[in-house]
Amino acid sequence: ASDVYKRQVLYYIMSFISYEYLFILLGTFIILYNVSFQWQRVLLLAASYIFYGMVDVQFILLILISTVVDYFCAIKIENNNLPQKRKDFLILSLAVNLGLLGYFKYYYFFSDNINRIWNYFDYRGPFPYIDIVLPVAISFYTFQTIGYTVDVYKKRIKAERNFFNFALYVSYFPQLVAGPIERSKSLLPQLSKKISFNSQMASEGLLQISVGIFKKLVIAENLNLITSPFYSRIEQFNPLESFIALVCFSIQVYCDFSGYTDMAIGSAKLLGVRLQKNFDHPYGATSLAQLWKKWHISLTSWFGDYVYKELLSIHFFQKYKFLCVIIVFLLMGLWHGPSWAFISFGLFNAIGLFIERPIIKLEKQLNTFFPSFLYELWARMRTQFFWIVCGQGFIVSNFTDIPLIFSNFLKEWSLSLAKMDATLHQAQAFSVIVCWILLYLGEEILSKNKEIKLTRSYWPFMFLLWCTILVLGKWKVVEFIYYRF
């Protein structure tokens, strides 16, 4: 019980929807534009370390280790002309970063599974049990620092010589906890010069923060009232209720994570920094492959650049590219969490990509007989079907829950919504659905008209948005789903 309480406190304090974060963001915003460039860096670095160390100061030690190691390794790589020396320092960087990530995030998973195998043959497992607390954000900043060192090794960028600039790049608090995973060539130059106030940028940031809060509190948290009961007692739900819960979670996870990303990007804009887009209207995709290019873009592009392309440089994988896809998705699943459920999440999505290819080819041949808008509608529905089916490993607590979910559809179908009504009133559910449709259409318009400027309707729209948040939002101690990773 104490562990659960500590986790709730941790997620609350590090949440973007908390007084602590609001105090740090506003305090930094007010001071930032009234001090010199040197003090701007000190302020941002102090705010980042305070934010990260509020719950456990020991977390700061880990992020400092990664920062110091990669700072010096990158300089040594750049200064050396000998290929072997350069490779040695790259290996040192990878060993330290992946070693820390492996110990804190994956030690229990692998040691427990190996011990179970030994126990099966009546031998005592070789690995002792160690109570390890997973440091928040370690999956994100580890990939960010690895990407920087690899870029220096590949001579894509120059090594950063100013330690404070690099430390700020690793720990920049708006995107520290759950991304986006920034590239050094984009973020470092912005943090290496004086930041000046830009009213347009600040207005965009305030709007994006508000939209993110709307997604999280109005849509994701209300849908959580349907999905939480379902995933905690799957066997009690009939096929229709199961279908509703699966669709609701698909919407929930998008609004939860893209809502966090909107708040992160908006916070950075208030502080004069542009972070990369992490979502590009993924539920408008017409294939699973296209959806993955639009979903968690910073992670999928990172694996594409630093894993997939590197594998393709090996002669064996050039002949068997499908193995590259499987390896990348397995690693992406494992990145999300140390469990067989997350591994299945990656594997099922890889299989889904292979299955949909011949289906899409067949659809294109039949498309000549149907209007284009009908085909596009069908393609989006098919994509969502694949996404829901392949994504169950993302949310279930046990791998064995996955077949249980789909076995529900073999039960007798009933139109009863009694269990749904017990957790969420129909009027409330209708309001959330309307909000989701408006949000979806709004993002569809913005994705096609990226140069839309803020007009005199800005403040009336903000007023309406916040009225909706205050009326329909679920204000309570909640965690963002991606804080777990």
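Residues numbered from 1 in each chain as written. Predicted model: local features only at pLDDT ≥ 70, side-chain atom pairs only at ≥ 80, totals over all residues. Heavy atoms only, no water.

Caption draft 1: Quick look at the overall build of the protein chain. What the protein chain contains, in helices and strands, is 21 helices and zero strands. Across the 485 residues of the protein chain, 52% fall into the buried class. When contacts within the protein chain are restricted to residue pairs at least 6 apart in sequence, those whose partners lie at least 24 apart make up 77%. For the protein chain, the accessible area works out to roughly 24,200 Å², and carbon and sulfur atoms hold 67% of it. (Helix = DSSP H or I, 4+ residues; strand = E, 2+ residues; numbered from the N terminus. Buried < 20%, exposed > 50% of the residue type's maximum accessible area, 1.4 Å probe, protein only. Contact = heavy atoms within 4.5 Å. Areas by Shrake-Rupley, 256 points an atom, 1.4 Å probe, with all protein chains shown as cover.)

Caption draft 2: View of the packing of helix α15 (residues 321-336) against helix α16 (residues 340-366). Running from N to C, α15 and α16 cross one another at 150 degrees; their axes reach a closest spacing of 7 Å. When the interaxial angle is binned, α15 and α16 end up roughly antiparallel. Seen along the crossing, α15 lies across α16 with a hand that is right-handed. Here F322, V325, I326, F329, L330, G333, L334 and H336 of α15 lie close against α16, whose contacting residues are F342, I343, F345, G346, L347, N349, A350, L353 and F354. A per-class count over the contact of α15 with α16 returns 13 nonpolar, four polar and no charged. (Axes fitted to C-alpha atoms, helices over the stretch in contact; angles between N-to-C directions. Parallel < 35°, antiparallel > 145°, perpendicular 65-115°, else oblique. Left-handed = near helix turned anticlockwise from the far one by under 90°. Nonpolar A, V, L, I, M, F, W, Y, C, P; charged D, E, K, R; others polar.)

Caption draft 3: Inspection of the packing of helix α4 (residues 58-79) against helix α6 (residues 138-153) at higher detail. Where α4 meets α6, the axes come as close as 9 Å, and the angle between the chain directions of the two elements is 5 degrees. As the angle between them shows, α4 and α6 are arranged roughly parallel. In this structure, α4 contributes L62, I63, S66, D70, A74, I77 and E78 to the contact, and α6 contributes Y141, T145, Y148, T149, V152 and Y153. Split by residue class, the contact of α4 with α6 holds eight nonpolar, three polar and two charged.

Caption draft 4: Layout of the packing of aromatic side chains. Per the stated rule, a full pass over the model turns up 42 aromatic pairs. Ring geometry for W292 and F329: centres 5.4 Å apart, planes at 80 degrees, overall edge-to-face. In this pair, W292 is assigned in helix α12 (residues 288-294) and F329 in helix α15, connecting sequence segments 37 residues apart. In this structure W292 comes out as buried when scored by relative accessible area, which is 7%. Geometrically, the ring pair formed by F385 and F386 is edge-to-face, given 6.1 Å between the ring centres and 80 degrees between the ring planes. Looking at F386, the relative accessible area reads 10%, which means it is buried. Linked through ring pairs, Y254, F257, Y260, F279, Y283, W292, W295, F329, F345 and W387 together constitute an aromatic cluster. Lying across the ring of W335, K105 places its NZ or CZ 5.2 Å from the centre. (Phe/Tyr/Trp six-rings, centres within 6.5 Å; stacked < 30°, edge-to-face > 60°. Lys NZ or Arg CZ within 6 Å of the ring centre and 35° of its normal.)

Caption draft 5: How the structure looks around a nonpolar patch on the surface. On the surface, a nonpolar cluster with roughly 1,000 Å² of combined accessible area is contributed by L362, L366, F369, F370, F373, L374, L377, W378 and M381. Elements with a contribution of two residues or more to the nonpolar patch: α16 and α17 (372-390). Inspection of the secondary structure assignment puts F373 in helix α17. With relative accessibility at 57%, the residue F373 sits in the exposed group. (Patch = residues over 30% accessible without salt bridge, like charges linked within 9 Å, V, L, I, M, F, W, Y side chains within 5 Å. Salt bridge = Lys/Arg side-chain N within 4 Å of Asp/Glu carboxyl O.)

Caption draft 6: Focus on helix α10 (residues 199-232). Compared with the 50 Å implied by 1.5 Å per residue over 34 residues, the 46 Å span of α10 between its first and last C-alpha is a close match. When the local axis directions of α10 are compared, the greatest deviation, roughly 40 degrees, occurs at L225, which is followed within four positions by the proline P229. Counting buried residues along α10, 25 of its 34 residues qualify, which places the element largely inside the surrounding structure. One side-chain oxygen at the N-terminal end of α10 lies 3.0 Å from the backbone nitrogen of Q200; it belongs to N198. (Expected span 1.5 Å × (residues − 1). Bend = angle between axes of the 7 residues up to and from the residue. Polar contact = N/O pair within 3.5 Å; in protein donor to acceptor, adjacent residues only side chain to side chain.)

Caption draft 7: Structural detail: unusual backbone geometry. Of note in this structure, A137 is not a glycine but carries a positive phi near 80 degrees. Looking at the element boundaries, A137 is found in the loop between α5 (83-120) and α6. Classification of A137 as buried rests on a relative accessible area of 0%. Backbone geometry places H281, a non-glycine residue, at a positive phi of 50 degrees.

Caption draft 8: A look at the environment of A220. Positionally, A220 belongs in helix α10. When its relative accessible area of 0% is taken as the criterion, A220 is described as buried. In sequence terms A220 and G473 are 253 residues apart; their C-alpha atoms lie 9.4 Å from each other. Ignoring sequence-local partners within four residues, the contact set of A220 consists of K215, Q252, C255 and D256.

Caption draft 9: Spatial organisation of the confidence of the model for the protein chain. Per-chain confidence: the protein chain averages 83 in pLDDT, with 88% of residues scoring 70 or above. Per-element confidence in the protein chain ranges from a low mean pLDDT of 45 for helix α1 (residues 2-13) to a high of 93 for helix α7 (residues 163-171). Scored below 50 in pLDDT, residues 1-10 makes six contacts in the model with residues more than four places away or belonging to other chains. Long-range and interchain partners of residues 419-425, a stretch whose pLDDT sits below 50, account for 14 contacts in this model, where long-range means more than four residues apart. (pLDDT = per-residue confidence, 0-100.)

Caption draft 10: Layout of the environment of S407. Among the secondary structure elements, S407 is positioned in helix α18 (residues 401-407). When the C-alpha atoms of S407 and P239 are compared, they prove to be 8.9 Å apart, with 168 residues separating the residues in sequence.

Caption draft 11: Examining the pattern of salt bridges more closely. Here the structure, examined in full by the defined rule, presents 16 salt bridges. A salt bridge links R183 to D305, with the nearest nitrogen and oxygen atoms 3.0 Å apart. Residue R183 is located in the loop between α8 (173-176) and α9 (184-191), and its partner D305 is located in helix α13 (residues 297-312); the two are separated by 122 residues in the primary sequence. The exposure class assigned to R183 is buried, which follows from its relative accessible area of 14%. E204 is paired through a salt bridge with K269; the nearest N and O atoms lie 3.5 Å apart. One end of the pair, E204, is in helix α10; the other, K269, is in helix α11 (residues 239-270), and 65 residues separate them in sequence.

Caption draft 12: Expanded view of the environment of D401. Position of D401 among the secondary structure elements: in helix α18. Residue contacts for D401: discarding those within four places in its chain leaves I234 and V396.

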